[in-house]
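# An overview of the molecular structure
Each chain, letter by letter, is given below.
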Amino acid sequence: MAEITGDQRVQSEVLEGLATAVNHRRWFVELALPYLGDNPIEIGSGLGDYALEWAEHLPRFTATEADPDRLVSLKERLAEQPSIEVRQMLLPHSEQGDYSAAVSYNVLEHIEDHVGALSSMRQLVRPGGAVIIIVPAFQFAMSPADIATGHVRRYTKKTLSAAMTEAGLRVEKIHYANALGLIGYFMATKVFRLMPKEGPMVKVYDTLVLPATKAAEQLARPPFGQSVFAVARTPS
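What comes next concerns the included structure. Note that the coordinates shown come from a computational prediction; the quantities given were computed from them, not determined experimentally. (Residues numbered from 1 in each chain as written. Predicted model: local features only at pLDDT ≥ 70, side-chain atom pairs only at ≥ 80, totals over all residues. Heavy atoms only, no water.)

## Observations regarding the packing of aromatic side chains
Aromatic ring pairs are defined here through the distance separating the ring centres and the angle between the ring planes. For the record, the criterion: Ring pairs are drawn from Phe, Tyr and Trp, using the six-membered ring of Trp, whenever the two centres fall within 6.5 Å, and their geometry is named by plane angle: stacked under 30 degrees, edge-to-face over 60, tilted for the rest. Numbering of helices and strands runs from the N terminus; a helix is a DSSP stretch of H or I covering at least four residues, while a strand is a stretch of E covering at least two. The buried label applies to any residue whose accessible area, calculated with a 1.4 Å probe on protein chains only, is under 20% of its type's maximum; exposed applies above 50%, and partly exposed to all values in between.
Applying the stated rule across the entire model yields nine aromatic pairs. On the basis of an interplanar angle of 25° and a centroid distance of 5.3 Å, the ring pair of tyrosine 50 and tryptophan 54 is categorised as stacked. Of this pair, tyrosine 50 and tryptophan 54 are both found in helix H3 (residues 49–55), four residues apart, which corresponds to roughly one turn of the helix. A residue is classified by how much of its surface remains accessible, and tyrosine 50, at 15% relative accessible area, is buried. Taken together through their ring pairs, the aromatic side chains of Trp27, Phe28, Tyr50, Trp54, Phe61 and Tyr105 make up a single cluster.

Below you can see the structure in the form of structure tokens.
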């Protein structure tokens, strides 16, 4: 039986804090855009920040949330967006779909049966469509913040690729993102045991450090990062 892991109140506080990291979000919005197609579904939309930005570029978009309280807030926030459908979804499940892509950012690490979750995403997507994933990187960075928000693992390129392959997907692209962010996250959450919430540290990093990090990583992929970004294809 699938379960929602972690303290939902803490998760919501972290989501609200990270919503202020505008440059970070726009970077990760851009990473997925080329693969979304015309009718994607997002698994775990949270507060809807990514959904709102992606939907600006698409004729149709489906946002989902597992937590009942956040689902209510998500529906209220997106009520004035006619191109966005909002529904509840908890992975793994057996539903079949015909979406152009499934995109899920920072969700898979919460799910014990991550291969089953990826298989569920594959079943939601039409043949040849994309499954687009971002997850936190490197187990050594597992911190009290990870535990409090319900993370059961962090990933490397190798472990994420293996899970996607086992789920019947063909990995097309996979790389680390936000190298300096990993260092900052490790120091803040593992060394100083802070939660990644809104505050001066997040604002300074997002405003001053992240734009330079993004520019550098567009020239050369780093050997490590705060996140792993992957695109895989469903069987055609």
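## Thoughts on the pairing of strand S3 (residues 84–88)
Heads up, the rule is: DSSP-based pairing: two strands are paired if at least 2 bridges between them are found. Handedness rule for crossovers: strands pointing away from the viewer, path from the first strand over the helix to the second running clockwise, crossover right-handed.
Of the strand pairs in this sheet, strand S2 (residues 61–65) and S3 are connected by five bridges, and their pairing is parallel. Its bridge partner lying in S3, alanine 63 is registered against valine 86. Taken together, S2, helix H4 (residues 68–77) and S3 form a β-α-β motif whose crossover is right-handed.

## A look at the sheet that holds S2
Rule in force here: Two residues qualify as a contact provided that any one of their heavy atoms is within 4.5 Å of a heavy atom in the partner residue. Every angle, taken between N-to-C directions, lies between 0 and 180 degrees, and every axis is a line fitted to C-alpha atoms, over only the stretch in contact when it is a helix.
Strand order in the open sheet made by the seven strands is S3-S2-S1-S4-S5-S7-S6, with mixed pairing throughout. Every interior strand has two partners, whereas the edge strands, S3 and strand S6 (170–177), have only one. Sheet analysis places strand S5 (residues 125–136) next to strand S7 (residues 227–233), joined by seven bridges and oriented antiparallel. Directly across from valine 131, in S7, lies its bridge partner alanine 232. Relative to the sheet, helix H7 (residues 157–166) contacts S5, S6 and S7, its axis offset from that of S6 by approximately 155°.

## Here's the deal with a nonpolar patch on the surface
Selection rule: Residues enter a patch when their relative accessible area is above 30% and they make no salt bridge; the linking distance is 9 Å between like charges and 5 Å between nonpolar side chains (Val, Leu, Ile, Met, Phe, Trp, Tyr). In short, Shrake-Rupley with a 1.4 Å probe defines the accessible areas, and a residue's cover is counted only from the protein chains shown. Think of a salt bridge as a Lys or Arg side-chain nitrogen and an Asp or Glu carboxyl oxygen that are within 4 Å of each other.
Together, Leu180, Ile183, Met187, Val191, Phe192, Leu194, Met201 and Phe224 give the surface a local cluster of nonpolar side chains, amounting to about 730 Å² of exposed area. Looking at which element gives the most residues to the nonpolar patch, the answer is helix H8 (residues 179–191), with four residues. Within the secondary structure, phenylalanine 192 is located in the loop between H8 and helix H9 (200–219). Here phenylalanine 192 falls in the exposed class, since its relative accessible area comes to 53%.

## Remarks on the pattern of salt bridges
If you walk through the whole model with that rule in mind, you get nine salt bridges. In this structure, lysine 214 engages glutamate 30 in a salt bridge whose closest nitrogen and oxygen atoms are separated by 2.8 Å. Taken together, the residues lysine 214 in helix H9 and glutamate 30 in helix H2 (residues 22–32) connect sequence positions 184 residues apart. Overall, the relative accessible area of 41% leaves glutamate 30 in the partly exposed class. Here arginine 87 and glutamate 95 are joined by a salt bridge, their closest N and O atoms 2.8 Å apart. Residues joined by salt bridges that share partners form a network here, namely Asp38, Asp98 and Arg126.

## So, H9
Structural remark: α-helix, 3.6 residues per turn; residues separated by three or four positions point the same way. Defined as follows: Expected span of a helix: the number of residues minus one, times 1.5 Å. Take the seven residues that end at a residue and the seven that start at it, fit an axis to each, and the angle between those axes is the bend at that residue.
Its 20 residues place the ends of H9 29 Å apart at the C-alpha level, agreeing with the 28 Å of an ideal helix rising 1.5 Å per residue. Largest kink in H9: about 45°, centred on valine 209, with the proline proline 211 one to four residues after it. When we look at burial in H9, the residues that qualify are Val202, Asp206, Leu210, Thr213, Lys214 and Glu217. Packed against the buried residues of H9 are H2, S6 and H8.

## Some thoughts on the environment of lysine 203
Here lysine 203 shows up in helix H9. In this structure lysine 203 comes out as exposed when scored by relative accessible area, which is 57%. With 183 residues separating them along the chain, lysine 203 and threonine 20 place their C-alpha atoms 7.4 Å apart.

## As for the packing of helix H5 (residues 114–124) against H7
Stated formally: Note that the term roughly parallel is reserved for angles under 35 degrees, roughly antiparallel for angles over 145, roughly perpendicular for angles of 65 to 115, and oblique for everything else. By convention, the crossing between two helices is left-handed when the near helix turns anticlockwise from the far helix through less than a right angle, and right-handed when the turn is clockwise. Amino acids outside the nonpolar list (Ala, Val, Leu, Ile, Met, Phe, Trp, Tyr, Cys, Pro) and the charged list (Asp, Glu, Lys, Arg) are all regarded as polar, and Gly is one of them.
Between H5 and H7, the shortest axis-to-axis distance is 8 Å and the interhelical angle comes to 55°. On the basis of their axis angle, the class for H5 and H7 is oblique. By crossing handedness, the relation of H5 to H7 is classed as right-handed. Contacts from His114, Val115 and Leu118 of H5 reach H7 at Ala163, Met164 and Glu166. Taken together, the residues that form the contact of H5 with H7 break down as four nonpolar, one polar and one charged.

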